[in-house]
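So the chains spell out like this:
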Amino acid sequence: EAGVAQSPRYKIIEKRQSVAFWCNPISGHATLYWYQQILGQGPKLLIQFQNNGVVDDSQLPKDRFSAERLKGVDSTLKIQPAKLEDSAVYLCASTGLADIGTQYFGPGTRLLVL
Amino acid sequence: GQQVMQIPQYQHVQEGEDFTTYCNSSTTLSNIQWYKQRPGGHPVFLIQLVKSGEVKKQKRLTFQFGEAKKNSSLHITATQTTDVGTYFCGSNDMRFGAGTRLTVKP
């Protein structure tokens, strides 16, 4: 079974630029999460999707961050414009109905904003 | 959302010593999850606890969920160098603690 795929793995941009991350969850997993993990901290939930609907986006900075999962499969997370404090690893995770509570994480995208 | 606090922040042990990390919530949790993240890696699910007072074991790892379902612990017996990493607890609404970083001296 293929794991959660994310791209790109690394991204360096200048502040005020835009960036987008892509995630393809494990096949059949209805729930998809985006997390931000700043160095030395635990993952912080940004947004949770159930199929193509948003379940929780209370911690998503909506003035600059957006996410979509239009067809209920893969998802994109966008930052526009980026700030220095957005430098972090962006993790995508998915959960299936068969093992609710078990999150499978992707390798993450490491973002550096200069 | 729920606040999840985790202690200690760091723990350095000699190989063979035991290790424990604690997770505390300000509110009652419906479940709690534990993850391990190796340096440079991504979190890997270890276990989920659901029942009050639940104890689960995975080889040298013992997980406990408090009676009030507000705290949890992960205990590793006789640590090995392969146990190195950061251990996170996560609440049912996907709030994670800051993690306990474990280093093991051979």
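Quick look at the structure, then. Residues take numbers from 1 onward in each chain, read along the sequence in its written order. The naming scheme follows written order: chains are lettered A onward, ligands numbered 1 onward. Residue-level local features of this predicted model are given only where pLDDT is at least 70; pairs of side-chain atoms are given and counted only at 80 or more, and the full residue set underlies all totals for whole chains, interfaces and linings. Based on all heavy atoms of the structure, the side-chain values leave hydrogens and waters out of the count.

1. A few points about the nonpolar core
- Counting residues in each nonpolar core, the largest one holds 21 residues, and the members touching the most others are A:Phe21, A:Trp34, A:Leu77, A:Ile79, A:Tyr90 and A:Leu111.
- Note on conventions: DSSP H or I runs of at least 4 residues are helices, E runs of at least 2 residues are strands, and numbering of each starts at the N terminus. Elements with a contribution of two residues or more to this core: strand E3 (19-24), strand E4 (31-37), strand E5 (44-50), strand E8 (75-79), strand E9 (88-95) and strand E11 (109-113) of chain A.
- For this analysis, a nonpolar core means a set of buried residues of the types Ala, Val, Leu, Ile, Met, Phe, Trp, Tyr and Cys, connected via side-chain atoms within 4.5 Å. Relative accessibility under 20% of the residue-type maximum defines a buried residue, over 50% an exposed one, and the middle range a partly exposed one, all with a 1.4 Å probe and only protein chains included. Core analysis: the second largest hydrophobic core is formed by 19 residues, B:Leu61, B:Ile76, B:Cys89 and B:Val104 among them.

2. A short note on the sheet that holds strand E7 (residues 65-68) of chain A
Residue and element names in this part refer to chain A.
- Paired strands, as defined in this entry, are two strands with at least two bridges between them according to DSSP. Read across the open sheet, the four strands follow the order E1-E3-E8-E7; overall the sheet is antiparallel. Strands with a single pairing partner mark the edges of an open sheet, and in this sheet they are strand E1 (5-7) and E7. In this sheet, neighbouring strand axes are inclined to one another by 15° on average, regardless of whether the strands run parallel or antiparallel.
- Summarising the sheet, E7 and E8 pair through four bridges and their orientation is antiparallel. Bridge assignment links Glu68 to a residue of E8, and that residue is Thr76. Axes here refer to lines fitted to C-alpha atoms; in helices the fit is confined to the stretch in contact. Angles between the N-to-C directions go from 0 to 180 degrees.

Purely geometric stuff here, so don't read any function into it on its own.
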